[in-house]
Amino acid sequence: ATVLVYLNDLPDGCLGGATRFTQLGGRGPGGDIGQEGLRMRPRRGAAVAWPNVGLGGAPLFETEHEAEPLELPTAHCCGGEAPRKVAMNIWIRDRPVPWATVQ
């Protein structure tokens, strides 16, 4: 499983920056759904979690996701600096990594 924790808010007026699940539909807390999939807009302290593989260990196509690029609508947004999205990934496994050996 993956847990993505957002460590900052995006500045007001900043466009993009959402985590977009391209294959999922529906609506969740803080999420917006459209024809392009489920979008989670970063909010400081918020987290989103999802499974990466099915019960048999095969990757889940349904949880395919991407980070949308950040865009500045005007030169005055964010004090003239480029916006930043800061997040932390936590990967949770229920079995050892196949290629890793501990000695």
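Right above here is the structure, for reference.
I will try to describe carefully the structure that is included in this document. (Residues numbered from 1 in each chain as written. Predicted model: local features only at pLDDT ≥ 70, side-chain atom pairs only at ≥ 80, totals over all residues. Heavy atoms only, no water.)

### Thoughts on the overall build of the protein
Across its full length, the protein carries zero helices and nine strands. When burial is assessed residue by residue, the protein has 24% of its 103 residues classed as buried. Counting only contacts in the protein whose residues sit at least 6 apart along the sequence, the fraction spanning at least 24 positions is 67%. Put simply, the protein shows about 7,300 Å² of open surface, and 57% of that area lies on carbon and sulfur atoms. (Helix = DSSP H or I, 4+ residues; strand = E, 2+ residues; numbered from the N terminus. Buried < 20%, exposed > 50% of the residue type's maximum accessible area, 1.4 Å probe, protein only. Contact = heavy atoms within 4.5 Å. Areas by Shrake-Rupley, 256 points an atom, 1.4 Å probe, with all protein chains shown as cover.)

### Description of the pattern of salt bridges
Scanning the model with the defined rule gives three salt bridges in all. For the salt bridge of E68 with R20, the shortest nitrogen-to-oxygen distance reads 3.9 Å. Taken together, the residues span a long stretch of sequence, with E68 in the loop between β7 (65-67) and β8 (70-71) and R20 in strand β3 (residues 19-21) at a distance of 48 residues. Taking the relative accessible area as the measure of exposure, E68 reaches 16% and is therefore buried. Note on R20: relative accessible area 16%, which makes it buried. Beyond isolated ion pairs, a larger network of salt bridges with shared partners links R20, R39, E66 and E68. (Salt bridge = Lys/Arg side-chain N within 4 Å of Asp/Glu carboxyl O.)

### A look at the environment of N8
Note on placement: N8 falls in the loop between β1 (2-6) and β2 (15-16). Not counting residues up to four positions away in its chain, the partners in contact with N8 are P42, R43, R44, R84, K85 and V86. Reaching out from N8, the side chain makes a polar contact with the backbone oxygen of R84 at a distance of 2.8 Å. A polar contact is formed between the side chain of N8 and the backbone nitrogen of V86, at a distance of 2.8 Å. (Polar contact = N/O pair within 3.5 Å; in protein donor to acceptor, adjacent residues only side chain to side chain.)

### Quick notes on the sheet that holds strand β6 (residues 47-50)
Judged by pairing direction, the sheet is antiparallel, and its three strands sit side by side in the order β6-β1-β9 without closing on themselves. Two strands bound the open sheet, and with one partner strand each, they are β6 and β9 (87-91). The sheet shows a mean angle of 15° between the axes of neighbouring strands, direction not considered. Pairing of β1 with β6 involves four bridges; the strand directions are antiparallel. By the bridge assignment, T2 is partnered in β6 with W50. (Pairing = 2+ DSSP bridges. Axes fitted to C-alpha atoms, helices over the stretch in contact; angles between N-to-C directions.)

### Description of the packing of aromatic side chains
Counted according to the given criterion, the structure contains one aromatic pair. With a centroid separation of 4.9 Å and an interplanar angle of 80°, the aromatic rings of F21 and W50 are classed as edge-to-face. Remark: W50 occurs in strand β6 and F21 occurs in strand β3; sequence separation between them is 29 residues. Classification of W50 by relative accessible area gives buried; the value is 6%. (Phe/Tyr/Trp six-rings, centres within 6.5 Å; stacked < 30°, edge-to-face > 60°.)

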